[in-house]
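Here's the letter readout for the chains.
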Amino acid sequence: MKKITSFTVDHNKLDRGIYVSRIDGDITTFDMRFIKPNTPPFLPNPVMHTIEHLFATYSRNSELSQQVIYFGPMGCRTGFYFLVRDMDNETALKLMKDTIKKCINHEGDIPGNSKVECGNYLEHDVAGAHKALIDYYEVIKDYTVGQMQY
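It should be emphasised that the depicted structure is a prediction, and the values quoted were computed from it without experimental measurement.

Attention now goes to the overall build of the protein chain. The helix and strand inventory of the protein chain stands at three helices and four strands. Starting at the N terminus, the α and β elements of the protein chain follow one another as β-β-α-β-β-α-α. Taken against the 2.2 N^0.38 rule, which gives 15 Å for 150 residues, the C-alpha radius of gyration of the protein chain at 15 Å falls within 12% of a compact globule. Principal axes of the C-alpha set define a box for the protein chain whose edges measure 40 × 35 × 35 Å. Buried positions account for 41% of the 150 residues belonging to the protein chain. Summed over all atoms, the accessible surface of the protein chain reaches about 8,400 Å², with 51% contributed by carbon and sulfur. One finds the centroid of the 17 positive side-chain charges in the protein chain at a distance of 6 Å from the centroid of its 19 negative side-chain charges.

Bridge count for strand S3 (residues 68–73) against strand S4 (residues 79–85) is five bridges, and the pairing is antiparallel. Each residue of the ladder has a partner; that of Gly72, found in S4, is Tyr81. The hairpin turn running from S3 into S4, its antiparallel successor, is five residues long, and Arg77 in that turn takes a positive phi close to 65°.

Moving on to the packing of aromatic side chains. Scanning the entire structure with this criterion turns up seven aromatic pairs. When the centroid spacing of 3.8 Å and the interplanar angle of 5° are considered together, the rings of Phe34 and Tyr136 count as stacked. One end of the pair, Phe34, is in the loop between strand S2 (27–33) and helix H1 (45–59); the other, Tyr136, is in helix H3 (residues 126–140), with 102 residues separating them in the sequence. Across the pair, exposure class does not vary: Phe34 and Tyr136 are buried alike. Taken together, a centroid distance of 4.1 Å and an interplanar angle of 25° make the contact between Phe55 and Phe71 stacked. Highlighted residues: Phe55 in helix H1 and Phe71 in strand S3, separated in sequence by 16 residues. We classify Phe71 as buried; its relative accessible area is 2%. Site record: aromatic cluster; members linked through ring pairs are Phe34, Phe55, Phe71, Phe80, Phe82 and Tyr136.

Right, let's get into the nonpolar core. Counting 37 residues, the largest nonpolar core has Phe34, Phe82 and Ile100 as the members making the most contacts within it. Listed by contribution, the elements that provide at least two residues to this core are strand S1 (17–24), S2, H1, S3, S4, helix H2 (89–104) and H3. A per-element tally of this core places H2 first, with seven residues. Excluding its chain neighbours within four sequence positions, the residues that come into contact with Ile100 are Met32, Phe34, Phe55, Leu133, Tyr136, Tyr137 and Ile140.

The subject of this paragraph is the sheet that holds S1. Strand order in the open sheet formed by four strands is S1-S2-S4-S3, with antiparallel pairing between adjacent strands. Every interior strand has two partners, whereas the edge strands, S1 and S3, have only one. Neighbour-to-neighbour, the strand axes of this sheet turn through a mean angle of 20°, independent of strand direction. Relative to S3, H1 is tilted by about 170°, and along the sheet it contacts S2, S3 and S4.

A word on H3. Residues that lie three or four places apart on an α-helix share one face, since the helix turns once every 3.6 residues. Over its 15 residues, H3 extends 21 Å from the first C-alpha to the last, a length consistent with the 21 Å expected when each residue adds 1.5 Å. Buried residues of H3: Ala129, Ala132, Leu133, Tyr136, Tyr137 and Ile140, and no others. Along the axis of H3, the buried residues cluster in a sector spanning 135°; they form a single face. For H3, exposure combined with an orientation more than 90 degrees from the buried face picks out Ala127 and Lys131.

About the cut-offs
Residues numbered from 1 in each chain as written. Predicted model: local features only at pLDDT ≥ 70, side-chain atom pairs only at ≥ 80, totals over all residues. Heavy atoms only, no water. Helix = DSSP H or I, 4+ residues; strand = E, 2+ residues; numbered from the N terminus. Rg over C-alpha atoms; globule rule 2.2 N^0.38 Å. Buried < 20%, exposed > 50% of the residue type's maximum accessible area, 1.4 Å probe, protein only. Areas by Shrake-Rupley, 256 points an atom, 1.4 Å probe, with all protein chains shown as cover. Lys, Arg positive; Asp, Glu negative; His and termini not counted. Charge placed at Lys NZ, Arg CZ, Asp CG, Glu CD. Pairing = 2+ DSSP bridges. Phe/Tyr/Trp six-rings, centres within 6.5 Å; stacked < 30°, edge-to-face > 60°. Core = buried A, V, L, I, M, F, W, Y, C linked by side-chain atoms within 4.5 Å. Contact = heavy atoms within 4.5 Å. Axes fitted to C-alpha atoms, helices over the stretch in contact; angles between N-to-C directions. Expected span 1.5 Å × (residues − 1). Arc of directions from axis to C-beta.

In structure tokens, the structure reads:
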């Protein structure tokens, strides 16, 4: 079988940060790498689940909501994929930074976290997500578009 694009990236060279993973027409996939690949500890599922709920909610409620396609976890538990449509990298980078800050400052209930809204609503870790988001923001706060290449 043909190897998928994400498996052709040399994960030994990746560090924490943001990378342009692929461009498919007007859709750009960003690799938001919270953890350096193959260097445990990895993000626990409850932490990833909470970050997913927060980031997806805030990005889809931004002024760029119509261009946000998807935000979801990587199976390797080192980060997330963020897909946008018709958005230049500079705008996307600003959106990611702004959204991470909103997630860090979130107070109250986790959006979409009821038995009706979520298939695993009991598995969350707000404190762990908060710490992971703060740690990640320290990595990306001064990030530039020039750093977003694999």
